[in-house]
Amino acid sequence: MKKTALITGSTSGIGLAIAKAFAGEGYNIMFHGLEENGEEISRKVGKENNIKTAFSNANLLDPGAIENLVETAISNFGSIEVLINNAGIQYVSPVADFPLEKWNAIIAINLSSVFIASKAIWNSMKENKFGRIINISSVHGLRASEFKAAYVAAKHGVIGLTKVLALEGAGDNITCNAICPGYVKTPLVEGQIKDQAKAHQLTEEEVVKNIMLKKQAVKEFIPEDKIAELAIFLAMDNASSITGSAYTLDGGWTAQ
Ligand code: NAD
């Protein structure tokens, strides 16, 4: 039987790289994201890999839409073996000016959606005695940087939630792990490069070298396909003993 992966935020950046890698391994894919060409991406990846795909643009700010996304995925594919909670947003501001609505949106999308999607899929994974939940946290789930109050709080929260889900899933072959990447050059980060260049009056090259990659020992962006490889490993049947962990993929950032 083909397994199916539901990947939030899979029509852009890291999520798309993960979706393509899982498709290459023969998984069916439930695509999700707000990108306008989501349907087209879903069809193309399905055709190229001879797998079944579907697409949803559920807004993760809406708890009902998240539940609906999970229900639709289960009814479309019969079952979902792998849930990858990947979608996320960023906002950068000193705490004194940090808008409450940005805080609320980041907590909702980056943290609460992980809880709501995992809760919605839980009983189905439990009945199937198989589940792999992989949460894309961040190096900011383990370390802080200034001006990222909401993002750092949410990503730390994701790691805490990952541990609880791992404990609760242990008797039913449901594992839950987090992946904590350093900087990856995706649309999310390209936006930050532009914002920081403006804020610090630096060139974009200077922002990358002197600010973004300052804390990474390896002075290169993390390639998206390396994150996808780790996710594929964590989803394997044989990875059943690996649970409750937060895997860094951060070019040595947290080694310091
Ligand atoms: P991205 O901007 O390329 O993709 C984010 C995805 O989330 C998109 O598909 C977008 O449509 C979706 N999304 C955002 N808000 C949504 C909403 N309200 N409802 C539904 N979907 C929504 O970003 P990315 O860099 O690929 O980030 C993916 C994940 O990886 C995020 O959780 C991010 O925090 C994490 N991460 C990124 C980096 C990095 O350097 N890029 C580093 C560490 C962790």
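Residues numbered from 1 in each chain as written. Predicted model: local features only at pLDDT ≥ 70, side-chain atom pairs only at ≥ 80, totals over all residues.

Applied cut-off: UniProt positions are given in the numbering used here, feature names are shortened, and annotations may be inferred rather than shown by experiment.
In the annotation of an unreviewed UniProt entry, the chain is listed under the name 3-hydroxybutyrate dehydrogenase and assigned to Gillisia mitskevichiae. In its Sequence similarities (unreviewed entry) section, UniProt records this for the chain: "Belongs to the short-chain dehydrogenases/reductases (SDR) family."

1. Structural notes on the overall build of the chain
The condition that has to hold: The helix and strand labels rest on DSSP assignments: H or I over at least four residues marks a helix, E over at least two residues marks a strand, and numbering proceeds from the N terminus. Taken over C-alpha atoms, the radius of gyration is set against a globule rule of 2.2 Å times the number of residues to the power 0.38. Counting other C-beta atoms within 10 Å of its own, a residue is labelled buried from 20 upward, exposed at 12 or fewer, and partly exposed in the gap between, with every C-beta atom placed from the backbone. It is the C-beta atoms, placed from the backbone, that decide contacts: two residues are in contact if theirs lie within 7 Å.
Per the secondary structure count, the chain includes eight helices and seven strands. Whereas a compact globule of 256 residues would reach a radius of gyration of roughly 18 Å, the chain reaches 18 Å, a difference of no more than 12%. Projected onto its principal axes, the C-alpha coordinates of the chain cover approximately 55 × 40 × 35 Å. Classification of the 256 residues of the chain by burial places 41% in the buried group. In the chain, once contacts between residues fewer than 6 apart in sequence are set aside, the share between residues at least 24 apart is 71%.

2. What about the sheet that holds strand E6 (residues 174–181)?
This is how the line gets drawn: Note: two strands are recorded as paired if DSSP finds a minimum of 2 bridges between them. Here an angle of 0 to 180 degrees is reported between the N-to-C directions of two axes, which are lines fitted to C-alpha atoms, with helices fitted over the stretch in contact.
Strand order in the open sheet formed by seven strands is E3-E2-E1-E4-E5-E6-E7, with parallel pairing between adjacent strands. Either end of the sheet is taken by a strand with one partner, and the two such strands are strand E3 (53–56) and strand E7 (246–249). Taken over all neighbouring pairs, the strand axes of this sheet differ in orientation by 15 degrees on average, direction set aside. The strands touched by helix H2 (residues 38–49) are strand E2 (28–32) and E3; relative to E3, the strand with the most contacts, the crossing angle is about 170 degrees. Helix H3 (residues 63–77) contacts strand E1 (4–7), E2 and E3 of the sheet and is inclined by roughly 155 degrees relative to E2.

3. Considering unusual backbone geometry
The residue Asn50 is not glycine, and still its phi comes out positive at about 55 degrees. Within the element layout of this structure, Asn50 appears in the loop between H2 and E3. The exposed category is assigned to Asn50, around which 8 C-beta atoms lie within 10 Å. Positive phi, close to 50 degrees, is recorded for Gln201, a residue that is not glycine. By the secondary structure assignment, Gln201 is in the loop between helix H6 (187–200) and helix H7 (204–211).

4. Details of the pairing of strand E5 (residues 131–136)
On a regular strand, each side chain points to the face opposite its neighbour's, so the side chains alternate between the two faces of the sheet. Operational definition: By the criterion used throughout, a crossover qualifies as right-handed when its path from the first strand across the helix to the second strand runs clockwise, the strands pointing away from the viewer.
The element E5 is largely enclosed, with a buried count of six among its six residues. Burial of E5 is two-sided: the residues Gly131, Ile133 and Asn135 facing one way and the residues Arg132, Ile134 and Ile136 facing the other way are all buried. Looking at chain direction, strand E4 (residues 82–85) and E5 are connected through four bridges and run parallel. Across the sheet, residue Asn85 finds its bridge partner in E5, namely Asn135. Of the pairings in the sheet, the one linking E5 to E6 comprises six bridges and is parallel in character. Looking at E6, one finds that Gly131 is bridged to Ile174. A crossover connection joins E5 to the parallel E6 through helix H5 (residues 149–169); in handedness this β-α-β unit is right-handed.

5. A word on helix H1 (residues 13–24)
Note the threshold: Residue count minus one, scaled by 1.5 Å, sets the expected span of a helix.
Compared with an ideal rise of 1.5 Å per residue, which puts 12 residues at 16 Å, H1 spans 17 Å between its outermost C-alpha atoms and is within 8% of the ideal. Of all 12 residues making up H1, nine are buried, and the element is well covered by its neighbours. Every buried residue belonging to H1 is among Gly13, Ile14, Gly15, Leu16, Ala17, Ile18, Ala19, Phe22 and Ala23, and all of these are buried. Directly after H1, the chain includes Gly26, whose backbone phi takes a positive value near 95 degrees.

6. Observations concerning the packing of H1 against H2
Our working definition: Should an angle fall under 35 degrees it is called roughly parallel, over 145 degrees roughly antiparallel, and 65 to 115 degrees roughly perpendicular, with every other angle called oblique. In this scheme the handedness of a crossing depends on how the near helix is turned from the far one: anticlockwise by less than a right angle means left-handed, clockwise means right-handed. Under the scheme applied here, ten amino acids are nonpolar (Ala, Val, Leu, Ile, Met, Phe, Trp, Tyr, Cys and Pro), four are charged (Asp, Glu, Lys and Arg), and all others, including Gly, are polar.
H2 packs onto H1 with a crossing angle of 25 degrees between their chain directions and a minimal axis gap of 9 Å. One element, H1, and the other, H2, form an angle in the roughly parallel class. At the point where H1 passes H2, the crossing takes the right-handed sense. Contacts between H1 and H2 pair Leu16, Ala19, Lys20, Ala23 and Gly24 from the former with Ile41, Val45 and Asn49 from the latter. A per-class count over the contact of H1 with H2 returns five nonpolar, two polar and one charged.

7. Comments concerning the site of the ligand
Under the convention used in this document: We call a residue near a molecule or strand when the C-beta position, derived from backbone atoms, sits within 6 Å of it.
Contacts to the ligand come from 27 residues, most closely from Gly9, Gly13, Gly33, Gly88 and Thr186. Contributions of two or more residues to the shell around the ligand are made by H1, helix H4 (100–128) and H6. Here the shell around the ligand is built from residues that sort into 14 nonpolar, 12 polar and one charged.

8. Let's talk about the pairing of E4
The side-chain alternation of E4 yields two buried faces, one formed by Val82 and Ile84 and the other by Leu83 and Asn85. Once the chain exits E4 it traverses H4 before rejoining the sheet at E5, and the crossover so formed is right-handed.

9. What about the environment of Asn238?
With respect to the element layout, Asn238 can be found in the loop between helix H8 (224–235) and E7. Spatially, the C-alpha atom of Asn238 lies 29 Å from that of Tyr183, the residues being 55 residues apart in sequence.

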